[in-house]
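Listed here are the chains, written in short residue letters.
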Amino acid sequence: MEHQIIIETEVEGVETFADALREVIPAALEAEGVGLPCEVDVLFTDDEGIHQINLEQRDVDRATDVLSFPMFEFTPGEPPTPEDEDLLDPGSEVLPLGDMVLSVDHIKAQAAEFGHSERRELCYLAVHSVLHLLGYDHLDEGPQKKQMREREEAILGALGITREEDHGAE
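Computed from a predicted structure; not experimentally measured.

Caption draft 1: Seen up close, the pattern of salt bridges. As enumerated under the stated definition, the model contains five salt bridges in all. For Asp19, the salt bridge identified is with Arg22, shortest N-O distance 3.5 Å. Taken as a pair, Asp19 and Arg22 lie in helix 1 (residues 15-31) at a separation of three residues, close to a single helical turn. We classify Arg22 as partly exposed; its relative accessible area is 44%.

Caption draft 2: Quick peek at unusual backbone geometry. For Asp59, which is not glycine, the phi torsion reads 60° and is therefore positive. Take Asp59: it is sitting in the loop between helix 2 (47-58) and strand 3 (66-70). Positioned with a positive phi, Glu93 is a non-glycine residue whose angle comes to about 60°. In this structure, Glu93 sits in the loop between strand 3 and strand 4 (95-103). On the basis of relative accessible area, Glu93 is assigned to the exposed category, the value being 56%.

Caption draft 3: Examining the packing of helix 1 against helix 4 (residues 118-133) more closely. Contact geometry for helix 1 and helix 4: axes closest at 9 Å, N-to-C directions at 40°. As the angle between them shows, helix 1 and helix 4 are arranged oblique. The way helix 1 lies across helix 4 gives a crossing that is right-handed. Two secondary-structure elements touch here, helix 1 through Phe17, Ala20, Leu21, Glu23, Val24, Ile25, Ala28 and Leu29 and helix 4 through Glu118, Arg119, Leu122, Cys123, Ala126, Val127 and Val130. Its residues assigned to classes, the contact of helix 1 with helix 4 comprises 12 nonpolar, no polar and three charged.

Caption draft 4: Summary view of the environment of Gly98. You can see Gly98 is positioned in strand 4. You can call Gly98 buried: its relative accessible area is 1%. When near neighbours in sequence (up to four residues on either side) are disregarded, Gly98 contacts Glu39, Val40, Asp41, Phe69, Pro70, Met71 and Leu133.

Caption draft 5: Fine view of the sheet that holds strand 3. Spatially, 1-2-4-3 is the arrangement adopted by the four strands of the open sheet, whose pairing is mixed. With one partner strand each, in any of the chains shown, strand 1 (4-9) and strand 3 form the two edges of the open sheet. Pairwise comparison of adjacent strand axes, ignoring direction, gives a mean angle of 15° for this sheet. One ladder, built from five bridges, connects strand 3 with strand 4; its direction is antiparallel. Bridging across to strand 4, Phe69 finds its partner in Asp99. Along the sheet, helix 2 makes contact with strand 2 (38-45), strand 3 and strand 4, crossing strand 3 at roughly 40°. Contacts from helix 3 (residues 104-114) reach strand 2 and strand 4, with the element oriented near 60° to strand 4.

Rules used throughout
Residues numbered from 1 in each chain as written. Predicted model: local features only at pLDDT ≥ 70, side-chain atom pairs only at ≥ 80, totals over all residues. Heavy atoms only, no water. Salt bridge = Lys/Arg side-chain N within 4 Å of Asp/Glu carboxyl O. Helix = DSSP H or I, 4+ residues; strand = E, 2+ residues; numbered from the N terminus. Buried < 20%, exposed > 50% of the residue type's maximum accessible area, 1.4 Å probe, protein only. Axes fitted to C-alpha atoms, helices over the stretch in contact; angles between N-to-C directions. Parallel < 35°, antiparallel > 145°, perpendicular 65-115°, else oblique. Left-handed = near helix turned anticlockwise from the far one by under 90°. Contact = heavy atoms within 4.5 Å. Nonpolar A, V, L, I, M, F, W, Y, C, P; charged D, E, K, R; others polar. Pairing = 2+ DSSP bridges.

This is how it looks when you write it as structure tokens:
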């Protein structure tokens, strides 16, 4: 199934990040059992850029690592299937799943803080965002957060991307 990963950037030097996203986003969609071709729009920005988007879109006055803006409301664990073909964009015949905004500043800082590679941090945030686009949430500290964390680790593990992966190596 051919997914469209559209990547824009407001910062320099994200070519390897873009390549990783073209692998991990389709893998996360497949792992979740998405049965339709999807489009995910990604924006790489810095802390200042994501802070502005967070303020404008969510009324939250701070930078963050990733923002997810789903086009549809799905139930966690119930991904779109071929029966949902009415959700496809008639022009492109793909499901416009939503938008993902990533702060490269946060990716680099969090990778250093957690002692793993920038690639691992990027892939974690991308999987996290894909799950948000598919209806997962973690606003509570209970079962929803646990369910989301379990899926993140399962998807990353299946890709061989673990916390231990190439500690600090880029």
